[in-house]
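Architecture at a glance
The chain contents come next:
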2 protein chains.
Amino acid sequence: MAKSIKDILKKNLGTKVNGSLWLESADGRFLGPGPIELLERIAETGSISAAAKEMKMSYKKAWELINNLNAHLATPAVIPQAGGEKGGGSVLTPEAMELISYHRELRKSFTAFLENESKKLTL
Amino acid sequence: MAKSIKDILKKNLGTKVNGSLWLESADGRFLGPGPIELLERIAETGSISAAAKEMKMSYKKAWELINNLNAHLATPAVIPQAGGEKGGGSVLTPEAMELISYHRELRKSFTAFLENESKKLTL
DNA sequence: TATCGTTATATATTTGAAAATATAACGATT
DNA sequence: AATCGTTATATTTTCAAATATATAACGATA
């Protein structure tokens, strides 16, 4: 029988299939792993700047991710308020929560796909 | 009924799920889309440098990709020869051909996965 | 109205990856 | 031995992306 992929790879390296997913439209990507974690931390902290700091991301980049995300949604995921008690903050809309849970499901089936493909490399 | 992902996205942007796949082991990635196209062009041209030029990739990067790929295989995918008629060249082993066809299959099932997930965004 | 920390935005700086450049070894052919 | 274009490798340069820095607007509270 001809050599198959598993015969070709070095056997002691634990080779796996891995990958990355995102949502995109004509004007670019807008929902990779980064923005989702950012949403989760905004939910915890109540502010974009605090969430960014936790992730060691610059505020500017965090703001751009959120702004870009909102631009792709029928209803924004994050409602910002500049000024007010404690200087302001940001709250997530129900749509943001749905995005997070959608991403969890998507991630789950992608993981299943990757594990299934990885099995073929060893089994 | 609660809002689902398709209600949340802007409807006129043709949003899709897209992604990227690669093989990796403990010491890093070694088979994304780039290296496969490179292999195909080395097969056509008989040289790494000509293949790199076709892809507008620097020779150095092409060489690193190939070298890194070989390092992960039980048997090298590319056999280089420096010197000789026409200065030398590189030939692919049967293992390289198998890698190419493996990648085609992998890509096919990934595309099916992505299309299936993308359908959920509109349907 | 003074204060606070946030959002929002522009500009400058850093940094890291890719490309460009340079050089040497290689080996069949003449 | 001279030539050729390739492989192999080190060094320099370029460029884009990320970060850092600076500044202003915001608005509830005291």
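Residues numbered from 1 in each chain as written. Chains lettered and ligands numbered in written order. Predicted model: local features only at pLDDT ≥ 70, side-chain atom pairs only at ≥ 80, totals over all residues. Heavy atoms only, no water.

Some details on the protein's contact with DNA strand C
Contacts to DNA strand C come from 22 residues, most closely from Ile48, Trp63 and Gly87 of chain A together with Gly83 and Gly84 of chain B. The sugar-phosphate portion of DNA strand C accounts for 65% of its atoms within 4 Å of the protein, the bases making up the rest. Between DNA strand C and the protein, one listed contact pairs a phosphate oxygen with a side-chain N or O atom of Trp63 of chain A at 2.7 Å. Residue assignment for the surface near DNA strand C shows that the elements contributing at least two residues are helix H3 (48-54), helix H4 (59-71), strand E3 (78-82) and strand E4 (88-92) of chain A together with helix H4 (59-71) of chain B. In terms of residue class, the surface near DNA strand C is built from 6 nonpolar, 11 polar and 5 charged. (Near = heavy atom within 4 Å. Polar contact = N/O pair within 3.5 Å; in protein donor to acceptor, adjacent residues only side chain to side chain. Helix = DSSP H or I, 4+ residues; strand = E, 2+ residues; numbered from the N terminus. Nonpolar A, V, L, I, M, F, W, Y, C, P; charged D, E, K, R; others polar.)

A look at the pairing of E4 of chain A
For a regular strand, the rule is simple: side chains alternate between the two faces of the sheet. Residue and element names in this part refer to chain A. Sheet topology places E3 next to E4; 5 bridges connect them, and they run antiparallel. Note that in E4 the partner of Ala82 across the bridge is Gly88. Between the antiparallel neighbours E3 and E4 lie 5 residues, among them Gly83 with a positive phi of about 85°. (Pairing = 2+ DSSP bridges.)

Brief notes about the pattern of salt bridges
By the definition in use, this model includes 14 salt bridges over all chains. The salt bridge partner of Lys3 of chain A is Glu95 of chain B, with a shortest N-O separation of 2.8 Å. In this pair, Lys3 of chain A is assigned in the segment before helix H1 (5-8) and Glu95 of chain B in helix H5 (residues 94-122), connecting two distinct chains. In this structure Lys3 of chain A comes out as partly exposed when scored by relative accessible area, which is 42%. A salt bridge links Glu37 of chain B to Arg41 of chain B; the shortest N-O distance between them is 2.9 Å. Within this pair, Glu37 of chain B and its partner Arg41 of chain B are both found in helix H2 (residues 33-45), separated by 4 residues, close to a single helical turn. Bridged by salt links that share partners, the residues Glu37, Arg41 and Glu54 of chain A form one connected network. (Salt bridge = Lys/Arg side-chain N within 4 Å of Asp/Glu carboxyl O. Buried < 20%, exposed > 50% of the residue type's maximum accessible area, 1.4 Å probe, protein only.)

With respect to the protein's contact with DNA strand D
Every one of the 22 residues lining DNA strand D counts as a neighbour, but Gly83 and Gly84 of chain A together with Ile48, Trp63 and Gly87 of chain B are closest to it. Taking the atoms of DNA strand D that fall within 4 Å of the protein, sugar and phosphate contribute 65% of them. Between Lys60 of chain B and DNA strand D, the recorded distance is 3.2 Å, taken from a side-chain N or O atom to a base oxygen. Taking Gly87 of chain B, its main chain carries an N or O atom lying 2.5 Å from a base nitrogen of DNA strand D. Elements that contribute at least two residues to the surface near DNA strand D include exactly H4 of chain A together with helix H3 (48-54), H4, strand E3 (78-82) and strand E4 (88-92) of chain B. A per-class count over the surface near DNA strand D returns 6 nonpolar, 11 polar and 5 charged.

Some thoughts on the packing of helix H5 (residues 94-122) of chain A against H5 of chain B
In contact at an axis separation of 12 Å, H5 of chain A and H5 of chain B are set at 165° when each is read in the N-to-C sense. Considering their axes alone, H5 of chain A and H5 of chain B lie roughly antiparallel with respect to each other. Between H5 of chain A and H5 of chain B lies a crossing whose hand is right-handed. Where H5 of chain A abuts H5 of chain B, its residues Tyr102, Leu106, Ser109, Phe110, Phe113, Glu117 and Leu121 of chain A lie against Tyr102, Leu106, Ser109, Phe110, Phe113, Glu117 and Leu121 of chain B. Looking at the contact of H5 of chain A with H5 of chain B residue by residue, the class counts come to 10 nonpolar, 2 polar and 2 charged. (Axes fitted to C-alpha atoms, helices over the stretch in contact; angles between N-to-C directions. Parallel < 35°, antiparallel > 145°, perpendicular 65-115°, else oblique. Left-handed = near helix turned anticlockwise from the far one by under 90°. Contact = heavy atoms within 4.5 Å.)

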